[in-house]
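So you can see what is in the structure, the chains are spelled out below.
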Amino acid sequence: MEKNPKIASPRYQQIAADIASKIVDRNYKVGDKIYARSSIASQYGVSSETARRAILVLSDLEIVEATKGSGVIIKSYDNALGFVRQYNDIQTVNHLKRDMLESVERQARELEYFNECLTKLIKKTDRFRSLNPFVPYDIKITEETPYLNLSVSEVNFWHNTSATIIAIKRNDTVLLSPGPYAKILPDDIVYFIGDENCFERVQKFLYPNHQ
């Protein structure tokens, strides 16, 4: 999966916002002279071109006035405040976008892991059943079946389902190998064996009205 690009403002905008924040915090006052371009570049560890662009942003917004040979002079507190608020709003939106993208990535990873686990479980279950073909299925008898009080032979259970009944649990008693004359009674739990599709066939046979 490709990584989503990081959302970040250009370095010169970050510097411009930092200077504007210092004006808002009253570290600088209107009329104060602040760093020259070279000083800004040195202070923030950037190139002189990046410093120049930061000053240009502040100048275009009329937060400072940059005069060649006179340095940078603070011009407007209100404009600095407006810029800082706008910049912070944009950063908040960017952070929300980043968080959402990271959340989507996490969900995708979790879904991928879930699919891997499910695939492994299915493989192990299939392997277990292939190694243990006589693990029985079970189904409970309710009033909804039309075969109540009929024997296994009377309903032609094996003929209709290709499943073999190996036990019937009735109350607290388990009838092993009940044979063809065992009756199907309410609340019985019938245990049977067969191929991988026999449970569906038995269910449809015993409860045809559920189809």
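Everything that follows concerns the structure shown earlier in this document.
Residues numbered from 1 in each chain as written. Predicted model: local features only at pLDDT ≥ 70, side-chain atom pairs only at ≥ 80, totals over all residues. Heavy atoms only, no water.

Turning our eyes to something else, we now look at the sheet that holds strand β2 (residues 64-67). One open sheet accounts for three strands, arranged β1-β3-β2; its pairing is antiparallel. In the strand order of this sheet, the two ends are held by β1 (33-34) and β2, each with one partner. Here β2 runs beside strand β3 (residues 71-74); their pairing, made up of four bridges, is antiparallel. Considered in β3, the bridge of A66 is made with V72. (Pairing = 2+ DSSP bridges. Helix = DSSP H or I, 4+ residues; strand = E, 2+ residues; numbered from the N terminus.)

Considering all chains together, one arrives at five salt bridges under this definition. Residues E200 and K204 are paired through a salt bridge, measuring 3.1 Å at the closest nitrogen-oxygen approach. One end of the pair is E200 and the other is K204, both in helix α6 (residues 198-206) and four residues apart, which spans about a single turn. (Salt bridge = Lys/Arg side-chain N within 4 Å of Asp/Glu carboxyl O.)

This part is about the side chain of T161. Checked against the element boundaries, T161 lands in helix α5 (residues 157-161). For T161, a relative accessible area of 0% gives the class buried. For T161, the side chain forms a polar contact with the main-chain oxygen of F157, separated by 2.7 Å. Those residues in contact with T161 that sit more than four places away from it in its chain are C198, R201, V202 and F205. (Buried < 20%, exposed > 50% of the residue type's maximum accessible area, 1.4 Å probe, protein only. Polar contact = N/O pair within 3.5 Å; in protein donor to acceptor, adjacent residues only side chain to side chain. Contact = heavy atoms within 4.5 Å.)

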